[in-house]
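# Structural characterization, general
What follows is the residue order along each chain.
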Amino acid sequence: MSDIVLLVLAGIFLPLFPMSMVFNAVIDKTSNALMRSVIFVVWPLCGVVLVSNLTMAQPIWLLPLVLFTSTLYAVRILTLRDVTQWTGFLATSLWALLWIPVMHETSAEMLYGYAVSMALPLMLLVTLSAGLEKRFGAAYTDLYGGLARTIPRFSGVLVVVIVAAVATPVFPTFFILFDIIVETIATEPAISTVLLFNWLLWSWAGARLVQGLIVGRASQVKILDMAKPTVALYAITLIALAAGGIYMGAEIL
Amino acid sequence: MERLIITVAVLPLISALFIQLFAGQFGRSIVKVSVAVTTIGFLLSIVTLALALTGSSPEAMSLAGDKGIILFDPLGTLLAAIIMGISLIVHLYSVRYMAEEAAYGQFFVLLDLMTAALLFMVVAGDLITLVISWYLVGVLLYFLLGQDTRSQIAYRFAFWTLITYRIGDLPLILAAALLFNAYDTWSLTTIFAEISANPYAHQVFGLPLTEVVAVLVGLAAFARSAQFLLHTWLPYTMDGPTPVSALMHAGIVNAGGFLINRFAPVFIHSGDVLNWIFIVGLITAVFGSLLMLTQNDIKKALGYSTMGQMGFMIMECGIGAFSLAIYHMFAHGVFKGTMFLSAGSVINDARHDDGVPKDELYTFAVEKQPNQARQPWLLMAAITLIVPLVILVLAHLLIAEDYFQKQGAVVLLFFGWVTGAQLIFATYRMRSQNIWRLVGLSVLSLVVVVLGYVFISHAFDLFLYPDEAFRAQLYAAASFDLLRFDVLVVMTTLIIVLGWLMTYYSEQNGVRRAQRSKRLWLNFYALISREFYVSDIYTRLSRTILALSGRLNVWLRWL
């Protein structure tokens, strides 16, 4: 396979605009919740496999395109109301940045670690989005609200997962972004500046998502909350993710 | 000893985990665990502080090489004790105050996590721990302020806090990355030692690294301590629970002063950065106080009062009085915490009786009736100007004879003098049976305040920065160019004297003045009542970004 084709394919799986639209279209068209979750983990891994096989020198336009894609989706995410779509856009904005470690010749093992660590909170979020669709018929912000009172256990898990997804310490994405900043600040300050700006936008978008879902008065209709064993499962996953983040931070920083 | 401070920092984490896990089994009484653990933590922090006071040398304990370092130094131990003290009071208060809340247990979990984050922040001995805890304080505060999940307003302003804090996180992350790149270690102690040995060894973007880092740390501190243009969140976050307001105004908002103190060895070699910090602090103090005076909502007035105080605290750092900023932080914390926590009782009492005695203070302050039969103005002017100056000079001479060689000390004396003069000036205008008794009491209270302030701040100086040479370096680093300093002092004096003259003039010619300058006055009032349009500008900016986001999504068909 020629390097150009490989680069285009890699641009689909580690999304670069406009190839990034493929990923978001796939997410949009996939109605099966389990399949969506699987896609969220497998997609960036495919991207890492592809970039690992790239032999050509990286084109000069690649870095600007990476930063543009990440910023474009970070801005666009602010006005999304559909939770699955929101997760897809956040994934696009985050995964595009994986090109930066690629350019700095980070080992493939490390890249797999980065891709999985970034994908896991997003995967949890699409699973929760499916939970909302099941309960309310749609996973939309500002549609029903008040989840903190209506389904408190579900809301608690949802909030922590959103917090993990938007690169909050001590989850792995925080350390990955911190590492990219450390690597680039002295030689390519533009990368760090754009990354920090996008980080701010993700936090803004995360807060809008939280507010659009959990804030408000409780629903008058009785809605089934998340079962306690499921909460425990999510909690264990999140704790493992945080522990993995701390371990990763100790290793890469 | 370092194990003691780790125990203090870890205890709230254990409490939070315990409450989260067993709230279902033990019900609401489980919050007693949180209170008990905080009490133990407070006692241990006092023991640690006592050890530090008795001369135990600073130590560090590392959990993973140059990361996860817990530092046992005077600044960390002192602030840990203060945090635990305030946290304990807030815990005790919240047990009953929050009892009706649906998420009662969750509130204590968040409170414990916040206490832990603050503790880790002040005892952090490496940049990673510092950045993480600094970041988490903002996130936890967001959820504490949004404790009432039914309130959209509470969340709206909690978001303002979050986004401002996130803006403040970014420069700190950049500073940490730059320092690591230059010194190849995360350990603050090692970095500071290397900076002291060779301050200008590294350049970045064509500037000395220390200057760039000082600017970034300063920006981080400005966002956290609500300096002008990054202040809008502070007066509007009153919809959060009262204990959270107390914790925020008494502790969290002071973190800017802590951060500047933590990076004191960097600021020594930071060129003019401290001068700029002084100017930002000065602007914040003036604007905060101005906005406080014009609020008709008492909660917002309290918020702006905190902003003014934070400006003053940052200003103290800007003149090199680093330890004084910590003392200010402590004193303001106790004062503002008390005000917030007693607010409910005061409102309740005021419903039955306003409690305001109809004495001379009432007629002066509330009914705005100044004394018509006054003492000779020359005599009173002399007392107004000379007495505070004499008190301040004598008090400072007791501390150190060379005190007046430091520009920072002169600035503080200047502010002390203006404040003292203002107090006596106000007394002179009051209606009183015995004006001399009133003046005497005012002077006595001024003496007590000045002596307390001078001696306690001196004690803080000796404890936090025992090395006299280091203290001298801090003052030297904050020195202004003599010409600029003189211009600043003369300008400030002129503004204050002009203010006094205007007050006098307006009293003499009140009606005519009102007719002539009514339009100007109304414009000025509109400007202040809209809080200089800062919030409006931010709101417009955020709406523009959201509109752009929406348009992009439409153009790109939501893919």
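Conventions we followed
- Residues numbered from 1 in each chain as written.
- Chains lettered and ligands numbered in written order.
- Predicted model: local features only at pLDDT ≥ 70, side-chain atom pairs only at ≥ 80, totals over all residues.
- Helix = DSSP H or I, 4+ residues; strand = E, 2+ residues; numbered from the N terminus.
- Rg over C-alpha atoms; globule rule 2.2 N^0.38 Å.
- Buried ≥ 20, exposed ≤ 12 C-beta atoms within 10 Å, placed from the backbone.
- Contact = placed C-beta atoms within 7 Å.
- Nonpolar A, V, L, I, M, F, W, Y, C, P; charged D, E, K, R; others polar.
- pLDDT = per-residue confidence, 0-100.
- Axes fitted to C-alpha atoms, helices over the stretch in contact; angles between N-to-C directions.
- Left-handed = near helix turned anticlockwise from the far one by under 90°.
- Pairing = 2+ DSSP bridges.

This brings us to the overall build of chain B. A count of helices and strands for chain B gives 23 helices and four strands. Its C-alpha atoms give chain B a radius of gyration of 25 Å, within 12% of the compact-globule value 24 Å for 559 residues. For chain B, the C-alpha atoms occupy an extent of roughly 70 × 60 × 55 Å along the three principal directions. For chain B, buried positions account for 46% of its 559 residues.

So, about the interface of chain B and chain A. On the side of chain A, 33 residues touch chain B, which itself brings 34 residues to the contact. Secondary structure elements with two or more residues in the side of chain B that touches chain A: helix 5 (127-145), helix 6 (152-183) and helix 23 (534-555) of chain B. Take the side of chain B that touches chain A: its biggest share by element is 14 residues, from helix 6 of chain B. Class assignment for the residues of the side of chain B that touches chain A results in 25 nonpolar, six polar and three charged.

Here chain B averages 86 in pLDDT, and 91% of its residues register 70 or above. Overall fold confidence (pTM) sits at 0.92, and the ipTM for the predicted complex is 0.96.

Another aspect to go through is the environment of W186(B). Residue and element names in this part refer to chain B. Along the chain, the position of W186 falls in the loop between helix 6 and helix 7 (188-197). What makes W186 buried here is the crowd of 25 C-beta atoms within 10 Å. For the pair W186 and A176, spaced ten residues apart in sequence, the C-alpha to C-alpha distance is 7.9 Å. If we ignore the near neighbours within four places in the chain, the residues touching W186 are D66, K67, D126, L127, I128 and F180.

Further remarks concern the packing of helix 7 (residues 108-136) of chain A against helix 9 (residues 152-165) of chain A. All names here are of chain A. Packing of helix 7 against helix 9 brings their axes to within 9 Å, and their N-to-C directions diverge by 150°. Considering the relative orientation of helix 7 and helix 9, their crossing is left-handed. Contacts from P121, L122, L124, L125, L128 and G131 of helix 7 reach helix 9 at F154, V157, L158, V161, I162, A164 and A165. Along the lines of polarity and charge, the residues of the contact of helix 7 with helix 9 split into twelve nonpolar, one polar and no charged.

Below, the discussion takes up the pairing of strand 2 (residues 67-72) of chain B. For strand 2 of chain B, the tally of buried residues reaches six of six residues, placing the bulk of the element in the interior. Linking two consecutive strands that pair antiparallel, namely strand 1 (residues 59-64) of chain B and strand 2 of chain B, is a turn of two residues; a positive phi of about 60° is found at G65(B) within it.

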